[in-house]
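A structural walkthrough
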Amino acid sequence: MAAPTGTQSPTRARITARSLRTDRWWVYPSFTALVLLAFVVYATYRAFVGEHYFIEPYLTPLYSPCVTTECVEGSAHLGTWVGDWWPLSPAVLILIIPLSLRLTCYYYRKAYYRSFWMSPPACAVAEPHRRYTGETRFPLILQNIHRYALYLALAYNVLLTYDAVMSFKSPEGEWGHMGLGSLILVVNAVLLGLYSLSCHSCRHIIGGRLRSFSKHPVRYRAWGMVSVLNGRHAQLAWASLVWVAFTDFYIWMVASGTWSDPRFF
Amino acid sequence: MGYDLDMKVWRGDASGGELVDFTVEVEEGEVVLDALHRIQATQAGDLAVRWNCKAGKCGSCSTEINGKPRLACMTRLSTFEEGETVTVTPLRAFPVVRDLVTDVSYNYKVAEKVPPFAPEPRPADGAYRMQQVDVERGQEFRKCIECFLCQTVCHVIRDHEENKPSFAGPRFFLRYAELEMHPLDTNDRRELAREQAGIGLCNITKCCTEVCPEGIKITDNAIIPMKERVADRSYDPVTWLGRKIFRRDQLPDAQVPRTPGD
C-alpha cells in the first residue's frame, strides 16, 4: 500500500475527515455539473438532428456559419465551400470553435475541474486522486492554446453579428423589419462578443503582457476596459451559454412551426 | 451580552492528536482568537496558538475554522449560527508543531528561490523614476501579509505532499507576477515560473483568491497573467518565431536569472 499523502501525510495534524467544512460546499460543483451536462446533452442533440435550424431570416448560432452542401436552402450565408466530404452534421464542424474556447477558458477550467474532475471539488475539500500533474502534461498542457481559440472565436463572433444584422430582413428578404427573433439574435451576439472580449487571454494580449503601462497609454486604456469586462467573465460565460441554448430553442420552435415569431415592424 | 460557545479545538502534535471539546463564555463582537485566548486563560493553559497583531495584518493566526482556512483574529463569532459548534484546527497543508501551530518553513524555502528584483542601471542623475500607473499595478500584490492561507488551501500541495519540491504556490506566483510587471526589473522569470515554480501545476480553481484575507485577486491578476506570459515564451509558436526573428532573446532586457544559491 502506498504511503499516505496530502492531508494524511505523517507530519500533518492527524485528522481523518476529508473536510471539516460545515457549509453546503457541494452546491456549486453539483449545480455547475448539472447545467453543463444539460447544455452538452441539448447541444449534442441539436447538432446531430440536422433540421429546424433555419427559417428566414433566422439561422441558429449552433449552425452558423453553415458551410456544407447539407445545409438547407438559404442558410449558407458564406456558401457551401466545404462541400460534401464532411460526413456529420454541419453544426459539428463549426461547434469545434466555441467548444475549444470554452474548454480552454480559465473560468470554465475552474468550473469543470471542480465539478467533473473533483480536483478539488471545493476549497479545502480533499480531492480523490492519488497523483496530480495539473496542466503540465498532455492533454491538459493544450490548455495553453487558449489564445488561438480566442482568435477563432472572435472571427466566429463577427459571423454571429452578421446573422443578427441579417435578421432585420423580412422573411421575403426586405430590409427594415424586426421580429422577436432579431432581438434574441442581437442579445446572443452581444453576450458572446462580451464573453470573448472579457477573456483572460484577451486581457493579456491587449495590454497585460506589457511590463510598463506608462510607455503604452493606448494599450493601457484598452487593458483597463477589458479588465472591467474580465471582472464579469464568469457571469458572461454563463449568460452567453444559456442564451445560445435559448436562441437555438427559439429558432427551433419557430422553424418547426410550434410557435410563430412575433413581428414588430 | 455573553453566551456559551461550543468549540472543538485540535490538540496534539506530529505523533497524534484529536479534536477536544470546550465550552467557553464569549461576548458579542468577539472573534475566534478571543475565544481561543479565553480557553488558554481558563481551561487549557498549554494550548499552543500563534498570534501577534490581532488586526489581520501580521498573518500569524492562520488556522482552519469549520474546515476553511481563515485568520482567527478576523473571524467574528457572529458569522456562526446560534448553537453552532466552531471547530478550529491547524493548517492542514503543513507539518504540525503542536496544537494550532504549524511549521510553515516550506514557504521560506520557496521564497529563497525567487530571483530578487534586478533593476536596470541607475540613470545619470542617480534617480529611478516610475509613473504612477506602473506603481499602482503592483500595489495589490504588496498587500500580501504572508498568512499562507492561499498556500494551505491550494490542493496542489495540500493533497499532494510530493508536489512541494516542484511547486511554489499562489503566494509566490504573486511575487513572480509583481516582479515580472515591474518596469525597472530586467530579469525574465517566465522560464523559472514554468520549470522551477511549477506554474503548470495550477489548474485555476481559484481557492487561493477565495481565502485571501486581503482580497487580492491572486488568480486573475497574478497566476493567469503569469500563465499567459509562460505561454508567450514556451507554448506560442508565433511569439517564439517573433523572438527568433527579432533576436529578442539576446537583448539585455530578457536576461534569464539564476536563482539565489545556484
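Keep in mind that this is a model prediction, so the values were computed, not measured.

1. Some remarks on the overall build of chain B
Assigned secondary structure in chain B consists of ten helices and seven strands. Along the first, second and third principal axes, the C-alpha set of chain B runs to 70 × 40 × 30 Å. For chain B, buried positions account for 55% of its 262 residues. Across chain B, every contact between residues at least 6 apart in sequence was considered, and the portion connecting residues at least 24 apart equals 64%. Counting only carbon and sulfur atoms, one obtains 50% of the accessible surface of chain B, whose full area is about 11600 Å². One finds the centroid of the 35 positive side-chain charges in chain B at a distance of 7 Å from the centroid of its 42 negative side-chain charges.

2. Section: the packing of aromatic side chains
In the structure shown here, the tally under the stated rule is 20 aromatic pairs over all chains. Their ring planes at 75° and their centres at 6.3 Å tell us that A:Tyr107 and A:Trp238 sit as a pair that is edge-to-face. Within this pair, whereas A:Tyr107 is found in helix 3 (residues 106-115), its partner A:Trp238 is found in helix 8 (residues 233-255), the two being separated by 131 residues in sequence. Members of the aromatic cluster, each reached through a chain of ring pairs, are A:Tyr42, A:Tyr45, A:Phe249, A:Tyr250, A:Trp252 and A:Trp259. Between the NZ or CZ atom of B:Arg137 and the centre of the ring of A:Trp223, over which it lies, the distance is 5.9 Å. Lying over the aromatic face of B:Phe172, B:Arg171 brings its terminal NZ or CZ to 5.4 Å of the ring centre.

3. Quick notes on the pattern of salt bridges
When the charged atoms of two side chains with opposite charge come close together, those side chains can pair. Residues and elements named next belong to chain B. Here the structure, examined in full by the defined rule, presents 36 salt bridges over all chains. Between Asp188 and Arg233 there is a salt bridge; the shortest N-O distance is 3.3 Å. With a gap of 45 residues between them, Asp188 in the loop between helix 6 (170-180) and helix 7 (190-195) and Arg233 in helix 9 (residues 218-234) connect regions that are remote in the sequence. Asp188 sits in the buried class, given a relative accessible area of 4%. Since its relative accessible area comes to 18%, Arg233 is described here as buried. The closest approach of N and O atoms between Lys206 and Asp220, which form a salt bridge, is 3.1 Å. Residue Lys206 is found in the loop between helix 7 and helix 8 (207-211), and its partner Asp220 is found in helix 9; the two are separated by 14 residues along the sequence. Here the two residues Lys206 and Asp220 agree in accessibility, since each one is buried. Among the charged side chains, a network of salt bridges with common partners joins Asp188, Arg190, Glu191, Arg194, Glu195 and Arg233.

4. Examining helix 6 of chain B
Residue and element names in this part refer to chain B. Of all eleven residues in helix 6, ten are buried; the element is thus mostly enclosed. Those residues of helix 6 lying buried are Pro170, Arg171, Phe172, Phe173, Leu174, Tyr176, Ala177, Glu178, Leu179 and Glu180. Packing partners of the buried residues in helix 6 comprise helix 2 (105-113), helix 4 (149-153), helix 7, helix 8 and helix 9.

5. Thoughts on helix 3 of chain A
With ten of ten residues buried, helix 3 of chain A is to be regarded as a mostly interior element. For helix 3 of chain A, the full list of buried residues reads A:Tyr106, A:Tyr107, A:Tyr108, A:Arg109, A:Lys110, A:Ala111, A:Tyr112, A:Tyr113, A:Arg114 and A:Ser115.

6. Focus on the interface of chain A and chain B
Contacts between chain A and chain B engage 56 residues on the former and 64 residues on the latter. In terms of surface lost to chain B, no three residues of chain A exceed A:Arg12, A:Tyr132 and A:Arg211, which account for 17% of the buried area on that side. Here chain A and chain B share ten salt bridges between them. Taken together, the connections running from chain A to chain B amount to 47 residue pairs in polar contact (both at pLDDT 80 or more). Looking at the side of chain A that touches chain B, the elements that each hand over two or more residues are helix 3, helix 4 (146-166) and helix 6 (200-208) of chain A. Element by element, the count of residues in the side of chain A that touches chain B is highest for helix 6 of chain A, at six residues. A class-by-class count of the residues in the side of chain A that touches chain B yields 19 nonpolar, 21 polar and 16 charged.

7. Structural notes on the nonpolar core
The tendency in soluble globular proteins is for nonpolar side chains to be buried as a group. Residues and elements named next belong to chain B. Met7, Val32, Leu36 and Phe167 are the most contacted members of the largest nonpolar core, which has 73 residues in total. In this structure, this core is formed jointly by two domains, domain 1 (3-102) and domain 2 (105-254), each of which donates at least three residues. The residues touching Phe167, leaving out its near neighbours within four places in the chain, are Tyr106, Val110, Cys154, Val156, Ile157, Phe173, Gln196, Ala197, Gly198, Leu201 and Cys202.

8. Some thoughts on empty space enclosed by the protein
If you roll a probe as big as a water molecule over the atoms, it shows you where there is empty space left. Residue and element names in this part refer to chain B. If you walk through the whole model with that rule in mind, you get three cavities of 30 Å³ or more. Within the residue set of the lining of the largest cavity, elements represented by two or more residues are helix 5 (155-158), helix 8 and helix 9. Across the lining of the largest cavity, the residue classes tally to ten nonpolar, four polar and one charged. Its volume calculated, the second largest cavity comes out at about 80 Å³. Mapped by element, the contributors of at least two residues to the lining of the second largest cavity are helix 4 and helix 6. Looking at the lining of the second largest cavity residue by residue, the class counts come to eleven nonpolar, no polar and three charged.

Criteria and cut-off values
Residues numbered from 1 in each chain as written. Chains lettered and ligands numbered in written order. Predicted model: local features only at pLDDT ≥ 70, side-chain atom pairs only at ≥ 80, totals over all residues. Heavy atoms only, no water. Helix = DSSP H or I, 4+ residues; strand = E, 2+ residues; numbered from the N terminus. Buried < 20%, exposed > 50% of the residue type's maximum accessible area, 1.4 Å probe, protein only. Contact = heavy atoms within 4.5 Å. Areas by Shrake-Rupley, 256 points an atom, 1.4 Å probe, with all protein chains shown as cover. Lys, Arg positive; Asp, Glu negative; His and termini not counted. Charge placed at Lys NZ, Arg CZ, Asp CG, Glu CD. Phe/Tyr/Trp six-rings, centres within 6.5 Å; stacked < 30°, edge-to-face > 60°. Lys NZ or Arg CZ within 6 Å of the ring centre and 35° of its normal. Salt bridge = Lys/Arg side-chain N within 4 Å of Asp/Glu carboxyl O. Buried area = accessible area lost by both parts, 1.4 Å probe. Polar contact = N/O pair within 3.5 Å; in protein donor to acceptor, adjacent residues only side chain to side chain. Nonpolar A, V, L, I, M, F, W, Y, C, P; charged D, E, K, R; others polar. Core = buried A, V, L, I, M, F, W, Y, C linked by side-chain atoms within 4.5 Å. Domains from an automatic or database assignment. 1 Å grid on protein atoms, 1.4 Å probe; cavity = no way out; pocket = protein on both sides within 12 Å on 5 of 7 lines; lining within 4 Å. Points joined across faces, edges and corners; volume = space filled by probe spheres on them.

Remember that the coordinates give geometry; whether it matters functionally is a separate question.
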